[in-house]
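What follows is each chain in one-letter form.
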Amino acid sequence: MEGGKPSLALVYQAVQALYHDPDPAGKERASVWLGELQRSMYAWEISDQLLQLKQDVESCYFAAQTMKMKIQTSFYELPPETHNALRDSLLTHIQNLKDLSPIIVTQLALAIADLALQMASWKGCVHTLIEKYNNDISSMPFLVEILTVLPEEVHSRSLRIGANRRTEIIEDLAYYSSTVVTLLTTCVEKTGNDEKMLIKVFRCLGSWFNLGVLDSNFMASNQLLMVLFQVLQRDETSTNLHEAASDCVCSALYAIENVETNMALALQLFQGVLTLETAYHMAVAREDLDKVLNYCRIFTELCETFLETTVRSPGQGMGDLRTLELLLICAGHPQYEVVEISFNFWYRLGEHLYKINDAALHTIFRPYIQRLLHCLARHCQLDPDHEGIPEDTDDFGEFRMRVSDLVKDVIFLVGSMECFSQLYSTLKEGNPPWEVTEAVLFIMAAIAKSVDPENNPTLSEVLQQVVLLPESVHMAVRYTSIELVGEMSEVVDRNPRFLDPVLNYLMKGLREKPLASAAAKAIHNICSVCRDHMAQHFQGLLDIARSLDSFALSTEAAVGLLKGTALVLARLPLEKIAECLSDLCAVQVIALKKLLAEESTNGKSADPTVWLDRLAVIFRHTNPIVENGQTHPCQKVIQEIWPVLSDTLNTHQADNRIVERCCRCLRFAVRCVGKGSASLLQPLVTQMVSVYQVYPHSCFLYLGSILVDEYGMEEGCRQGLLDMLQALCMPTFQLLEQPNGLRNHPDTVDDLFRLATRFVQRSPVTLLSSSIIVHIIQCAIAATSLDHRDANCSVMKFVRDLIHTGVANDHEEDFEVRKQLIGQAMEQHGQQLVTQLMHSCCFCLPPYTLPDVAEVLWEVMVFDRPTFCRWLENALKGLPKETTGGAVTVTHKQLTDFHKQVTSAEECKQVCWAIREFTRLFR
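Cut-off values and rules
Residues numbered from 1 in each chain as written. Predicted model: local features only at pLDDT ≥ 70, side-chain atom pairs only at ≥ 80, totals over all residues. Heavy atoms only, no water. Helix = DSSP H or I, 4+ residues; strand = E, 2+ residues; numbered from the N terminus. Buried < 20%, exposed > 50% of the residue type's maximum accessible area, 1.4 Å probe, protein only. Areas by Shrake-Rupley, 256 points an atom, 1.4 Å probe, with all protein chains shown as cover. Lys, Arg positive; Asp, Glu negative; His and termini not counted. Charge placed at Lys NZ, Arg CZ, Asp CG, Glu CD. Phe/Tyr/Trp six-rings, centres within 6.5 Å; stacked < 30°, edge-to-face > 60°. Lys NZ or Arg CZ within 6 Å of the ring centre and 35° of its normal. Contact = heavy atoms within 4.5 Å. Expected span 1.5 Å × (residues − 1). UniProt positions renumbered as here; feature names shortened; annotations may be inferred. Salt bridge = Lys/Arg side-chain N within 4 Å of Asp/Glu carboxyl O. Axes fitted to C-alpha atoms, helices over the stretch in contact; angles between N-to-C directions. Parallel < 35°, antiparallel > 145°, perpendicular 65-115°, else oblique. Left-handed = near helix turned anticlockwise from the far one by under 90°. Nonpolar A, V, L, I, M, F, W, Y, C, P; charged D, E, K, R; others polar. Core = buried A, V, L, I, M, F, W, Y, C linked by side-chain atoms within 4.5 Å.

This brings us to the overall build of the chain. Scanning the chain for helices and strands turns up 49 helices and zero strands. Counting only C-alpha atoms, the chain reaches 95 × 80 × 65 Å along its principal axes. Counting across all 923 residues of the chain, residues that qualify as buried make up 54%. As displayed, the chain offers around 41,000 Å² of accessible surface, 51% of which is attributable to carbon and sulfur atoms. Here the chain holds 79 positive side-chain charges and 113 negative ones, and the gap between their average locations is 2 Å.

Applying the stated rule across the entire model yields 16 aromatic pairs. Considering the side-chain rings of tyrosine 336 and phenylalanine 399, the 4.6 Å spacing of their centres and the 35° angle between planes classify their relative orientation as tilted. Linking tyrosine 336 in helix H19 (residues 336-340) with phenylalanine 399 in helix H22 (residues 395-414), this pair joins segments that are 63 residues apart in sequence. In this pair, the class of tyrosine 336 matches that of phenylalanine 399, namely buried. An angle of 65° between the planes, with centres 5.3 Å apart, marks the rings of phenylalanine 345 and tryptophan 346 as edge-to-face. For the pair phenylalanine 345 and tryptophan 346, a shared accessibility class is recorded, and that class is buried. Grouping aromatic residues by their ring pairs yields a cluster made of Tyr336, Phe343, Phe396 and Phe399. In this structure, arginine 400 is placed above the aromatic ring of phenylalanine 442, and the distance from its NZ or CZ to the ring centre is 4.2 Å. The ring of tyrosine 848 carries the charged tip of arginine 789 above its face, separated from the ring centre by 3.8 Å.

Here we take up the side chain of serine 246. Residue placement: serine 246 occurs in helix H13 (residues 239-255). Those residues in contact with serine 246 that lie beyond four places of it in its chain are Leu232, Asn294, Arg297 and Ile298.

Taking 1.5 Å as the rise per residue, helix H41 (residues 746-762) with 17 residues should run 24 Å; its terminal C-alpha atoms sit 24 Å apart, in good agreement. Of all 17 residues in H41, 12 are buried, a share of seventy percent or more. Of all the residues in H41, the buried ones are Pro746, Thr748, Val749, Asp750, Asp751, Leu752, Phe753, Leu755, Ala756, Thr757, Phe759 and Val760.

Our focus in this paragraph is the environment of phenylalanine 270. For phenylalanine 270, the position within the fold is in helix H14 (residues 263-274). In this structure phenylalanine 270 comes out as buried when scored by relative accessible area, which is 4%. For the pair phenylalanine 270 and arginine 718, spaced 448 residues apart in sequence, the C-alpha separation works out to 70 Å. When near neighbours in sequence (up to four residues on either side) are disregarded, phenylalanine 270 contacts Leu302, Phe306, Gly317, Met318, Asp320 and Thr323.

A word on the UniProt feature "domain: Exportin-1/Importin-beta-like" (unreviewed entry) in the chain. Here the UniProt-annotated "domain: Exportin-1/Importin-beta-like" (unreviewed entry) positions come out as residues 102-248. In residues 102-248, helix accounts for 77% and strand for 0%; the two terminal C-alpha atoms are 21 Å from one another.

A few words now on helix H43 (residues 773-783). Structural remark: α-helix, 3.6 residues per turn; residues separated by three or four positions point the same way. Regarding H43, the residues found buried are Ile773, Ile776, Ile777, Cys779, Ala780, Ile781 and Ala783. Those residues of H43 that are buried lie in contact with helix H39 (718-736), helix H40 (741-744), H41, helix H42 (764-768), helix H44 (789-804) and helix H45 (815-843).

Once that is clear, we can look at the pattern of salt bridges. Overall, the coordinates contain 43 salt bridges when judged by the stated rule. Salt-bridge contacts for lysine 200 lead to glutamate 145; the nearest nitrogen and oxygen are separated by 3.1 Å. Here lysine 200, found in helix H10 (residues 195-211), pairs with glutamate 145, found in helix H8 (residues 140-153); they are 55 residues apart in sequence, far enough to count as distant. On the basis of relative accessibility, which here comes to 4%, the residue glutamate 145 falls in the buried class. With a closest N to O distance of 3.4 Å, arginine 800 and glutamate 859 form a salt bridge. A residue pair is termed long-range when its members are at least 10 positions apart, and arginine 800 in helix H44 and glutamate 859 in helix H46 (residues 850-863) qualify at 59 residues. Within this structure, Arg671, Asp709, Glu710, Arg758 and Arg762 form a network of salt bridges that share partners.

Positive phi outside glycine occurs at glutamate 287, with the angle close to 55°. Turning to its location among the elements, glutamate 287 is positioned in the loop between helix H15 (277-285) and helix H16 (289-305). In this structure, asparagine 357 is a non-glycine residue whose phi angle is positive, near 50°. Along the chain, the position of asparagine 357 falls in the loop between helix H20 (343-356) and helix H21 (359-379). Taking the relative accessible area as the measure of exposure, asparagine 357 reaches 58% and is therefore exposed.

Bringing the packing of H22 against helix H24 (residues 434-447) into the picture now. Relative orientation of the contacting elements H22 and H24 amounts to 50°, with a least axis distance of 9 Å. Relative to H24, the element H22 is oriented oblique. Judged by the twist between their axes, the crossing of H22 over H24 is right-handed. Of the residues in H24, those in contact with Arg400, Met401, Val403, Ser404, Val407, Lys408 and Ile411 of H22 are Glu438, Phe442, Ile443, Ala446 and Ile447. Looking at side-chain class alone, the contact of H22 with H24 contains eight nonpolar, one polar and three charged residues.

A word on the nonpolar core. The biggest cluster of nonpolar side chains holds 340 residues, and the ones touching the most others in it are Phe202 and Phe918. Once residues lying within four places of it in the same chain are set aside, the contact partners of phenylalanine 918 are Met838, Cys842, Leu876, Leu879, Val890, Gln894, Leu895 and Phe898.

Structure representation (structure tokens):
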């Protein structure tokens, strides 16, 4: 903070402003100032003083939260000799403030827990806390709060206490766990009817179950388990208490996932949950949805825990199929939110049975899945008074999408064809109300693709009947029938006689506003699957494409229709393609020209992205088969369109969104004709480089990588591409060298290293012999610590591929040159690279990036193992050996073991395992 330590009065004033200033700007100023205070060294002393003063809830809450945050993120600021004083003062504060507000108690409890986890000198903290407070009934609430958050914080992301300390803590907590449970039992006996206290006890017990340290035999015979089930069986239990008890039972069930080793507790929980069926029916009768949802959560967790047992020994012991009956009872509840809770279990059951693939087992579980599907079809029904098409973006629409996914996953147990026929017969034989018909069609659409289309009379009959549906049926039925037709495109492909009636049916839909987008999607599906049959209908598709905006289509549906059209276009005879492509692009090109003309006359900026996206999708999917030596039919069209794209890019060069769409369009144009776009290379690169100097949009780097990919192998283009790379690198480095430059521009990092990687793949010697390579490698080393999925992946791939060019003897004539150039680069940057990588994976990167780091280290080692051994040893010497709290982070043996595991590895995955284990010591 500027100007030294602020006065308490000033801090108090800022807190008041944060909560009570009517002016949002004042609130914002206070927030920024207090944030700065929290980051400063003064925060420790000031929050301690505010807690002592106890002036009001707001200032105490700010102080307690600051304490917690400082202990989590800045514990290293305090010298070890102050740790005891900090602990004592926090315990005094929580005792003095226990009645002020529960949220303050929680923040202080978190601060105490986070301190205990980091302070290695505080031995047996659970024991000391219980000794100190268990005889004072008024201290019970905060003692239980501390004991609740302590196990939760053990795996907290914000504390990097390392695997050694974590193991030590977990062993310590396991040792005292029965003392805690006994304390909780006594607490219940003493405060019996105090509902708030009971909620706290259940939360605390659940927290210890979640950590997985409770002795299951001790718990199986414990009084608390009885209390839990009594609370859940009682009809008069309040909502809050019911939820806490349910959470606790779910945690207990989760904790005994490994049933064999927890037999006694497993049996108690199993029998306990089965007694709750009556209570569930009572909650249904009272229309108490909160309780119903809680019971369903418990039943689902029961089924998840005993899944393996149920599949291994269905109907016997704890494989009792009454557990599935409970879930099907819940599936019968009228509210769809109830059945939705169990989806994950049904999905896992399906996955298990699919892997085992045992016909006898399928027979046992099939009736349960049939009943489930029956319930799901009923839950998918719209309200009888619903008007218009089904909504797919609201909660119910999302539920139906999840049903569709689940049905696809479990249908194999029932048989797709059997289910499809049954559903169809309910429509054919009965005359159900519209909402039943629509739901049946919806489920049929979910499974249509998994039914074998080979000479299948039922499928053909369904298709014939659906396209005969009169326009008088409910709009939603027509909508879903159109979706079903789209899903049945394979059937149309096998029976071309249906193509005309199907297209006529879909064209009717396309002309009606509510159905247009669904019809467009179905036409797109049919174009994709029936490309050859659709060639004769190309003229019709072209007519639709020409008047695309006369239909009420969503952006996505319009682009989909053009995609379908382009896919069919690519199957026309080569001599026809150029003319038809020109026709197809004309509408968009004319629109872009019109926008440019308007812009120059009245200076009004209009958005060209719709037209750019449409051109992009046409180029992307027009991929005819062109023999060697033949001119690409799309070449001429793309050359004609280039000036318009170039002008659009120039006009909107400051607008990242539009430039991105221009580059995307150009990328697909270049990909479409490949080497055929050579005449564009010079003007395109010149324009990219000149705009990039002023507006460094990262998409230019991406487009550059496409050009290198297409032309990097051509001898005559290499120098020009290298010049392009150097010209683009200058502004890029300026951008990334700003403070926090790498973190603020991850897209630029991602695209820069895509471009550099393409160069390594297409023309490594050109890049390695240039002067820019040193700067690119330096930038890559700095960027290895960037915690951003795509950017980090790009950087690692570049470094890996770069070193690999010196390793892989592909018998090309330039191998020796490459090896020598990589040798020079490694001599210069190897140690720095290895040190930075080790530091990054211990302190900066999330675990999912480690396989990429391992690949880089592996390549360095394969290139020169003896030197790598030395580099790694130096890198490990620089890592901190213990934490500020005095705990050992990494022992000498752990360091030497890791060094040995990596340097003696015979394949990359061994390096990956070693890094994974080693970095846990620093997390």
